[in-house]
Amino acid sequence: MSLDTPKLTESEPIRSDLSQSHTKRWALWFSGIALVVWLFYTFVLPLLGEQAGTFIRHWMPLGSINEALVWVICAIGLNIVVGYAGLLDLGFVAFWAIGGYIAAWLMSTFFDQISHGIYFLSAAPPNQHGIHINWWLVLIISGCVCAFAGIVIGAPTLRLKSDYLALVTLGFGEIIPQFFVNGENIFGFNLTNGVKGISPLDNVSPLPFGPPAVSLGGATIPISQPLGPFDVGAKYVLFVLVAAFCIFVSLRLREGRLGRAWLAIREDELAASMMGVPLMQSKLAAYAVGAFMGGLGGVVYAVHNNSVFPDRFSFAISIVLLAMVVLGGMGNVWGVIVGALGLAWFNSTGLPQLGDSFNEQFGTDINFPSYNYLVFGSILVLMMLFRREGIFPEARTRQVLREAERSDAEELDGGEV
Amino acid sequence: MTITAVEAAASRPAMLVKEKIERVIGILLLVGLTLWLIWNFTTAPVQFVNVGLAGLRLGAIYALIALGYTLVYGIIELINFAHGDLFMLGTVFSSIFLVKLFHAGTGSPLDWLLMVITMVIAMVLCAGLNVTAEYFAYRRLRKAPKLAPLITAVGISFIFQWLGMRLNGSAQLNWPMVIPKGGLTFGEITLDYSTIVVISVTIPLLLILSYIVQSTRQGKAMRATAQDQDAARLMGINVNRTISFTFGLGGAMAGAAGLLFLETFGSTRFDLGFQLGLIAFTAAVLGGIGNLQGAVLGGFIIGLIQAFNDGLPYGFGQRWSQSVVFAILILVMVFKPEGILGKRTIEKV
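**Observations concerning the overall build of chain B**
Working step 1: Check the secondary structure of chain B and you find 13 helices and 4 strands.
Working step 2: A compact globule built from 349 residues would reach a C-alpha radius of gyration of about 20 Å, and chain B, at 21 Å, matches this within 12%.
Working step 3: When the 349 residues of chain B are sorted by exposure, 49% land in the buried category.

This is the structure:
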């Protein structure tokens, strides 16, 4: 025992060095793949023939990749809460909704009480009603508001046992969208425009200054000009940047003191608190960081759709996000990203397209998108039964999830000492 | 190192300031609720009684669903997330059998018999589904970390919703009802026929359930398994069968609630279970989860609160009713997580 101790302390710095270079290598991979996808859609796709172009536009439109990136951002946020800290959150859609509505309030003509408009580095046309703020700032504001909301939701509920916590978060996830549905008349003030939603939002621009656009090899790349609804390529770049930020933050946090505290709490709360991990602070931090990313996701989603509607923020979103985290491998950021991209694509494009091809091939008339409930439910159940650690597990998570609970007999033994 | 009761009482630490503040806020909330009820009663007494009767009817249905949550939680400490959707399937099964197969709802006296038969069928089907889900999914996860069965239950809830969508379609369907509209009138107060039927079906069911749990061998086995599975196994109790039986009982209650809901509101929807399940879960928590009487009490309280909120002149109105119920859920969790009738338990290490 005493002989082993020096060995451990020696190997410790080496291990963390390894994991850092590991994350750096992955960062290169991420930027590389993102860049290749962008180059492909901007430069190669127009050169391909009619047939190949149509095929790709059907099976893998850039718009659906953008939407998948929204899911990625939120799934990374949920991964911090569920995967790192082990707190089951079934109401993540609340942050998504708050973020979306903050974007709608701060980037549209919705508040017509403000007749001259409040502008701040915005690409919106001048002299309109409402508030128009640069979308990068809106991202930060929305993230902060959601982080605060996460703390407000978390503070009273984190004392509860884990399964109760799931239900309380679920309650919040229901109340907040309902607030947006009913919010057209809050003491006579139209706050959310009810089921009609808020649309359109301001067109965002990649940068608030600089030349309107640069021309590069036959393609124009917008810099400070507002992006129209069909400028999916430029939006893709923006969304990738936001996703990259989330990945960076969650990877760095995991290496640090806070991340290790989360993992300790997830694995054994009591042992963690005995070792001096501040339970409440760490859990609240997990909630706040997760909610921050949920807020970013909400803004990105609003920008992607150029509108917000309250009925989009349904409970199903929370569950699909959970399925993404579980499928990819709880706690493993890269696994979660793959899970999110895969399921988002499957949900938005893959299932309808597969269904269409199947129906065409076999002359059947099966409504495939209606099977998505079955698919997502089965994914959750089968993963929990047969591969709890996800498709791309971390070694550490696998150990924890495969470990059988202590039996009652052991508990009795401990109690008698 | 044993501590005698006297010592424990003497050494009990003084209440923390935080706890005191919490208690004061909790009491203030209760006082506010009482004042609100009195104010409503004095301004509109007739409406108050009528709404209250509707609340009892709703509460009886919630109580039946809440029992399913509390039975399962009591025995294996699992929040059976799919239970609300099981109830939804109960309404769908009832509508299929009662209207599509038996063609009831025409007003003939035979309808009442068909309704009873349908209720038994719905109870059996829901019990069977619940037992099947337990057999294929939860049973394998009994020793797993808590997150696993909970996520599984969420998945099963989605599968049930898909089944409901297959059987019922994605839109709300309206059905003819066996129970006639209207009711007995006493002056301005109306006692709906559906209220009478719902209450007179619920009470015997609750009595039967309580008899099973309190006075039969199987009930004794259930209580023993809930206390300590290993010890129960050592006493010769078939733990797996007992847990299956408990799931079956809960499912049967959900099936009965499904028929009663169909006969009260006359409509089925595939996403009904999610909302009602959550409300019923709130009821179970309010009464003290794991406690049968608590679930019934909580069901009636939540039913009354929801009806008062929807129907009284100073309520928030129907569009906020879910928010009100979830706010209650959160408040109960924060101020009194053990519920009204539950015992405060210390989490085992």
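Still to come is the rest of the account.
**Remarks on the overall build of chain A**
Working step 1: Broken down by element type, chain A carries 15 helices and 5 strands.
Working step 2: Burial analysis of chain A (417 residues in total) assigns 42% to the buried set.
Working step 3: For chain A, restricting intrachain contacts to residue pairs at least 6 apart in sequence, the fraction spanning at least 24 positions comes to 71%.

**Quick word on the interface of chain A and chain B**
Working step 1: Taken together, the contact between chain A and chain B spans 41 residues of the former and 39 residues of the latter.
Working step 2: Counting only elements with at least two residues in the side of chain A that touches chain B, the list comes to α5 (135–157), α6 (162–182), α11 (315–328), α13 (372–386) and α15 (408–416) of chain A.
Working step 3: Looking at the side of chain A that touches chain B, the element that brings in the most residues is α6 of chain A, giving 13 residues.

**Section: the packing of helix α3 (residues 45–76) of chain B against helix α12 (residues 292–311) of chain B**
Residue and element names in this part refer to chain B.
Working step 1: Interhelical geometry of α3 versus α12 gives an angle of 140° and a closest axis separation of 6 Å. Relative to α12, the element α3 lies oblique. You can see that α3 and α12 cross each other, and the crossing is right-handed.
Working step 2: Grouping the constituent residues of the contact of α3 with α12 by class yields 16 nonpolar, 11 polar and no charged.

**Observations concerning the environment of Val197 of chain B**
Residue and element names in this part refer to chain B.
Working step 1: Relative to the assigned elements, Val197 resides in helix α7 (residues 193–215).
Working step 2: The class for Val197 is partly exposed, based on 18 C-beta atoms found within 10 Å.
Working step 3: In this structure, the C-alpha to C-alpha distance between Val197 and Thr264, residues 67 residues apart in sequence, is 9.2 Å.
Working step 4: With near-sequence residues (within four places) excluded, Val197 lies in contact with Ile179 and Glu263.

**Points about the nonpolar core**
Working step 1: In terms of nonpolar packing, the biggest core is built from 227 residues, with Ile73, Ala75, Ala323, Met324 and Leu380 of chain A together with Ala256 of chain B touching the most fellow members.
Working step 2: Looking at this core, the element that brings in the most residues is α3 of chain B, giving 19 residues.
Working step 3: For this core, the two domains that each supply at least three residues are domain 1 (68–267) and domain 2 (271–338) of chain B.
Working step 4: Those residues within four positions of Ala256 of chain B in sequence are excluded, and the remaining contacts are Leu64, Met119, Ala122, Met123, Val201 and Leu205 of chain B.

**Side note on the domain arrangement of chain B**
Residue and element names in this part refer to chain B.
Working step 1: Domain boundaries assigned for chain B yield domain 1 (68–267) and domain 2 (271–338).
Working step 2: Contacts between domain 1 and domain 2 engage 14 residues on the former and 17 residues on the latter.
Working step 3: Secondary structure elements with two or more residues in the side of domain 1 that touches domain 2: α3, α4 (83–101) and α7.
Working step 4: With 6 residues, the top contributor of residues to the side of domain 1 that touches domain 2 is α4.

**Side note on unusual backbone geometry**
All names here are of chain A.
Working step 1: With an omega dihedral of -5°, the bond running from Ser199 to Pro200 counts as a cis peptide bond.
Working step 2: Relative to the assigned elements, Pro200 resides in the loop between α6 and β4 (213–216).
Working step 3: The backbone of Asn306 shows a phi angle near 60°, a positive value even though the residue is not glycine.
Working step 4: By secondary structure assignment, the location of Asn306 is in the loop between α10 (279–305) and α11.
Working step 5: Of the residues examined, Asn306 has 18 C-beta atoms within 10 Å and is grouped as partly exposed.

**Details of the sheet that holds strand β2 (residues 118–120) of chain A**
Residues and elements named next belong to chain A.
Working step 1: Pairing within the open sheet is mixed, and its 3 strands lie in the order β1-β3-β2. Each edge of the open sheet carries a strand with a single partner, namely β1 (107–108) and β2.
Working step 2: Inspection of the sheet shows β1 paired to strand β3 (residues 131–133) by 2 bridges, in the antiparallel sense. Directly across from Ser108, in β3, lies its bridge partner Ile131.

**Remarks on the environment of Val24 of chain B**
Working step 1: If you trace the backbone, Val24 of chain B turns up in helix α2 (residues 17–43).
Working step 2: Taking C-alpha positions, Val24 of chain B is 40 Å from Lys143 of chain B, a pair spaced 119 residues apart along the chain.

**Here we look at the confidence of the model for chain B**
Predicted coordinates in regions of low pLDDT should not be interpreted in detail.
Residue and element names in this part refer to chain B.
Working step 1: Averaged over every residue, the pLDDT of chain B is 86; residues scoring 70 or more account for 94%.
Working step 2: By mean pLDDT, the top-scoring element of chain B is helix α10 (residues 239–265) (94), and the lowest-scoring one is helix α1 (residues 5–10) (52).
Working step 3: As scored by the predictor, the complex reaches a pTM of 0.83 and an ipTM of 0.82.

**Section: the confidence of the model for chain A**
Working step 1: Of all residues in chain A, 88% attain a pLDDT of 70 or more, and the chain-wide mean is 81.
Working step 2: Predicted confidence is poor over residues 1–18 of chain A, with pLDDT under 50, and the contacts of this stretch with residues over four places away or in other chains come to 1 contact.

**Looking at the packing of α13 of chain A against helix α6 (residues 147–168) of chain B**
Working step 1: The interhelical angle for the contact between α13 of chain A and α6 of chain B, taken along N-to-C directions, is 155°, at an axis separation of 8 Å. The angle between the axes of α13 of chain A and α6 of chain B places the two elements in the roughly antiparallel class. Crossing handedness for the pair α13 of chain A and α6 of chain B: left-handed. When α13 of chain A is examined against α6 of chain B, the residues Tyr373, Leu374, Phe376, Gly377, Ser378, Leu380, Val381 and Met384 of chain A are found in contact with a partner set consisting of Ala148, Ile151, Thr152, Val154, Gly155, Ile156, Phe158, Ile159, Gln161, Trp162 and Met165 of chain B.
Working step 2: Here the residues of the contact of α13 of chain A with α6 of chain B are counted per class, giving 14 nonpolar, 5 polar and no charged.

**Details of the pairing of strand β2 (residues 183–186) of chain B**
Residues and elements named next belong to chain B.
Working step 1: With 4 bridges connecting them, β2 and strand β3 (residues 189–192) associate as antiparallel partners. Note that in β3 the partner of Phe186 across the bridge is Ile189.
Working step 2: What sits between β2 and β3 in their antiparallel hairpin is a turn of 2 residues, with Gly187 showing a positive phi close to 65°.

Rules behind the numbers
Counting restarts for each chain: residues are numbered from 1 in the order of the written sequence. Working convention: letters from A go to chains and numbers from 1 go to ligands, in the order in which they are written. Where local features are concerned, this predicted model is filtered to residues with pLDDT of at least 70; where side-chain atom pairs are given and counted, the filter is 80 or more; whole-chain, interface and lining totals use all residues. In this text, helices come from DSSP runs of H or I with a minimum length of four residues, and strands from runs of E with a minimum of two, each type numbered from the N-terminal end. Our radius of gyration is a C-alpha quantity, and the globule rule it is checked against amounts to 2.2 Å times the number of residues to the power 0.38. With C-beta atoms placed from the backbone, a residue is labelled by how many other C-beta atoms lie within 10 Å of its own: buried for 20 or more, exposed for 12 or fewer, partly exposed between the two. Any residue pair is listed as a contact if its two C-beta atoms, each placed from the backbone, are within 7 Å. What counts as an axis is a line fitted to C-alpha atoms, over the stretch in contact for a helix, and the angles between N-to-C directions run from 0 to 180 degrees. For classification purposes, angles smaller than 35 degrees are called roughly parallel, those larger than 145 roughly antiparallel, those between 65 and 115 roughly perpendicular, and all remaining angles oblique. By convention the crossing between two helices is left-handed if the near helix lies anticlockwise of the far one by an angle smaller than a right angle, and right-handed if it lies clockwise. All residues other than Ala, Val, Leu, Ile, Met, Phe, Trp, Tyr, Cys, Pro, Asp, Glu, Lys and Arg, Gly among them, are scored as polar; the first ten of these are nonpolar and the last four charged. A set of buried residues drawn from Ala, Val, Leu, Ile, Met, Phe, Trp, Tyr and Cys, joined through C-beta atoms within 7 Å, is what defines a nonpolar core. The domain boundaries here were taken from an automatic or database domain assignment. Pairing between strands is defined by DSSP: at least two bridges between the two strands are required. Residue-level confidence of the predictor, termed pLDDT, takes values from 0 up to 100.

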